[in-house]
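Chain residues, written in single-letter form:
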Amino acid sequence: MVRPSFGAAIGALLVAFTGILLCILILTPDFMRRTDPAMLMTRPGDHYAYVTSRAFQLQEEDPDKRVVVLLGASSFLHALGDDSELETEISRELGEQVQVVNLSAPGENLWEYASICDFVATPNDIFVLDLGAKRIADFASIKIGPYVKRPRFGFITDAWTDELIRAGFDAPKSTGVYFIDNFNFFLARRTAVKNLILGPVKINRYNDARPRLADDEWDEHMARILADFGDYDANSDSNFLILERIVKLLRLRGVQHIAIVNPPVNPRIKHLLPQQMIAKFEDDVQSFAETHDISYWRLDATVGLQDSDFDDWCHIRAPEVRSAYSKELSRRISAYARTGRSDISP
Amino acid sequence: MKRTIARILGSTIQALVLGILLFVAIANLVSLSTGATVFRYQGF
């Protein structure tokens with residue numbers, strides 16, 4: 001007969017405690033650098049685990065190696081092909097081996113840009129930041145609030161903490177123990193334990209896309225997008241200030257090449273967007289680029305995007321268009337790296 | 001002697017099974033209370 005035993009109860013507590021201790025001992029920054037991103041991901045489109053893992057791996061790279069770091073939201077992610085496509089193009093144009101790492105993720109915001117830059121920047125890097133009018137009109141601190149307690153990335157940087165404090169939030173409590181400081185990141189990914197038995201997740205960074213909108217869905221879609229456009233006049237100054245701090249941080253790290261790219265927009269709905277806001281954004285971003293001696297590129301017209309290339313108002317669906325977009329971006333990055341001259345071009 | 005070994009073995013198995021269940025339960029409980037979930041973008 002099985003009888004409950006006092007020894008077993010103490011043993012169970014010890015086993016549970018050992019489990020927690022093992023997490024603290026195993027899940028360290030060093031573990032993150034050595035582990036395949038696909039082992040940490042809970043599903044093919046677990047972007048934030050992927051970006052966290054790649055960012056850790058970047059820290060291990062030879063600082064003399066030239067790395068192109070791409071930061072953006074989902075529209076930028078969906079506009080580009082595989083990193084290796086850009087790598088091949090840029091390396092061929094520059095005549096040296098260049099690494100391209102796309103650290104974009106859906107809804108990635110300016111605070112997260114600052115945090116990633118702080119985490120990975122080295123002097124030889126080239127940083128390309130996706131920035132559209134919606135981003136500058138959006139993301140007042142109230143929108144970022146939910147991510148304060150549960151940061152989406154598995155690292156906390158000084159730049160992140162600084163932005164929190166500036167926005168009136170408390171600085172995150174730091175214990176110095178990586179697992180504890182990033183507890184929510186790991187807790188949310190507890191089901192990734194299954195990867196130890198089933199093997200790594202098959203990464204598909206376009207996995208979260210939905211089918212192309214049907215004709216009768218456009219009105220509702222655009223109404224939702226337009227309602228979600230923030231207040232440009234109220235938010236633009238504070239968002240440009242965050243962008244300025246990002247540029248200053250990168251300059252302090254010795255980064256010479258910084259570019260801003262305007263994300264793609266479906267030509268079908270361009271006329272529906274708030275034209276005054278878009279025009280003001282164009283003026284502001286160009287003046288920002290000139291003041292800080294950085295490049296600003298708009299690739300839509302050059303690539304020749306069409307309505308059928310998109311799923312919705314900004315997400316490119318066609319692989320061949322992603323290739324064309326990647327080629328154009330590679331061409332701009334190569335020219336910028338070769339000449340060293342910033343370039344503000346339509 | 002045999003009975004002692006069987007008792008120790010039984011307690012160890014109980015401790016392992018209960019301990020792992022306790023660990024999983026704590027993780028689930030904490031995740032519920034803190035709302036820790038993998039972020040899914042709703043913009044699509």
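Just so we're clear, the structure is a prediction, and the values are computed from it rather than from any experiment.

**Student:** Hey, could you go over the overall build of chain A for me, with residue numbers and the actual values?
**Tutor:** For chain A, the count of helices and strands is 19 helices and 6 strands. Here the C-alpha radius of gyration of chain A, 22 Å, is about what a compact globule of 346 residues would show, namely 20 Å. Here the C-alpha coordinates of chain A stretch approximately 80 × 50 × 40 Å along the principal axes. Within chain A, the fraction of its 346 residues that count as buried is 40%. In chain A, the share of contacts with a sequence separation of at least 24, taken over all contacts with a separation of at least 6, comes to 84%.

**Student:** Break down the nonpolar core for me, citing the residues and quoting the values.
**Tutor:** In this structure, Ala55, Val68, Ala114, Cys117, Val128 and Ile260 of chain A are the most contacted members of the largest nonpolar core, which totals 77 residues. Excluding its chain neighbours within four sequence positions, the residues that come into contact with Val68 of chain A are Leu86, Ile90, Val98, Val100, Ile126, Val128 and Ile333 of chain A. If you look at the next biggest cluster of nonpolar residues, it comprises 5 residues, including Ala8, Ala12 and Ala16 of chain A together with Ala15 of chain B.

**Student:** Explain the environment of Gly340 of chain A residue by residue, including any values.
**Tutor:** Residue and element names in this part refer to chain A. By the secondary structure assignment, Gly340 is in the loop between α19 (319–339) and β6 (344–345). Accessibility expressed as a C-beta count within 10 Å gives 8 for Gly340, which makes it exposed. Sequence separation between Gly340 and Gln256 is 84 residues, and the spatial gap between their C-alpha atoms is 8.0 Å.

**Student:** I'd love a proper account of the sheet that holds strand β3 (residues 126–130) of chain A, names of residues and values included.
**Tutor:** All names here are of chain A. Here we have 6 strands laid out as an open sheet, ordered β2-β1-β3-β4-β5-β6, and parallel in their pairing. Strands at the two margins of the open sheet, each flanked by one partner only, are β2 (98–102) and β6. For strand β1 (residues 66–71) and β2, the ladder comprises 5 bridges, and the chain directions are parallel. Following the sheet pairing, Val67 is matched in β2 by Gln99. Against the sheet, helix α6 (residues 83–94) makes contact with β1 and β2, and its axis sits at roughly 150° relative to β2, the strand it touches most.

**Student:** Which residues make up the interface of chain B and chain A, and what are the values?
**Tutor:** Where interface size is quoted, it is often the accessible area lost as the parts come together. Contacts between chain B and chain A engage 24 residues on the former and 27 residues on the latter. Grouping the constituent residues of the side of chain B that touches chain A by class yields 14 nonpolar, 10 polar and no charged.

**Student:** Could you give an account of the confidence of the model for chain A, naming the residues involved and the relevant values?
**Tutor:** Regions with low pLDDT carry predicted coordinates that are not meant to be interpreted in detail. Summary statistics for chain A give a mean pLDDT of 92 and a share of 97% for residues scoring 70 or more. No element of chain A has a lower mean pLDDT than helix α9 (residues 141–144) of chain A, at 63, and none a higher one than β3 of chain A, at 98.

**Student:** Outline helix α16 (residues 232–252) of chain A, supporting the account with residue identities and numerical values.
**Tutor:** Residue and element names in this part refer to chain A. Counted at 1.5 Å a residue, the expected span for α16 with its 21 residues is 30 Å, and the 29 Å between its end C-alpha atoms agrees. Considering only its buried residues, α16 is in contact with α7 (110–120), β3, α8 (133–137), α11 (158–166), β4 (257–262) and α17 (275–292). The positive-phi residue at the C-terminal boundary of α16 is Gly254, with phi of around 90°.

**Student:** Lay out unusual backbone geometry with the relevant residues and their values.
**Tutor:** Residues and elements named next belong to chain A. A positive phi is found at Asp293, a non-glycine position, where the angle reads about 55°. Position of Asp293 relative to the elements: it lies in the loop between α17 and β5 (295–298). Accessibility expressed as a C-beta count within 10 Å gives 12 for Asp293, which makes it exposed.

**Student:** Got a sec to walk through the packing of α7 of chain A against α16 of chain A? Specific residues and values, please.
**Tutor:** All names here are of chain A. Where α7 contacts α16, the axes come no closer than 10 Å and their chain directions differ by 5°. Relative to α16, the element α7 is oriented roughly parallel. Contacts between α7 and α16 involve Leu110, Trp111, Tyr113, Ala114, Cys117 and Asp118 on the former and, on the latter, Asn239, Ile242, Leu243, Arg245, Ile246, Leu249 and Leu250. Taken together, the residues of the contact of α7 with α16 sort by class into 10 nonpolar, 1 polar and 2 charged.

Cut-offs used in this document
Residues numbered from 1 in each chain as written. Chains lettered and ligands numbered in written order. Predicted model: local features only at pLDDT ≥ 70, side-chain atom pairs only at ≥ 80, totals over all residues. Helix = DSSP H or I, 4+ residues; strand = E, 2+ residues; numbered from the N terminus. Rg over C-alpha atoms; globule rule 2.2 N^0.38 Å. Buried ≥ 20, exposed ≤ 12 C-beta atoms within 10 Å, placed from the backbone. Contact = placed C-beta atoms within 7 Å. Core = buried A, V, L, I, M, F, W, Y, C linked by C-beta atoms within 7 Å. Pairing = 2+ DSSP bridges. Axes fitted to C-alpha atoms, helices over the stretch in contact; angles between N-to-C directions. Nonpolar A, V, L, I, M, F, W, Y, C, P; charged D, E, K, R; others polar. pLDDT = per-residue confidence, 0-100. Expected span 1.5 Å × (residues − 1). Parallel < 35°, antiparallel > 145°, perpendicular 65-115°, else oblique.

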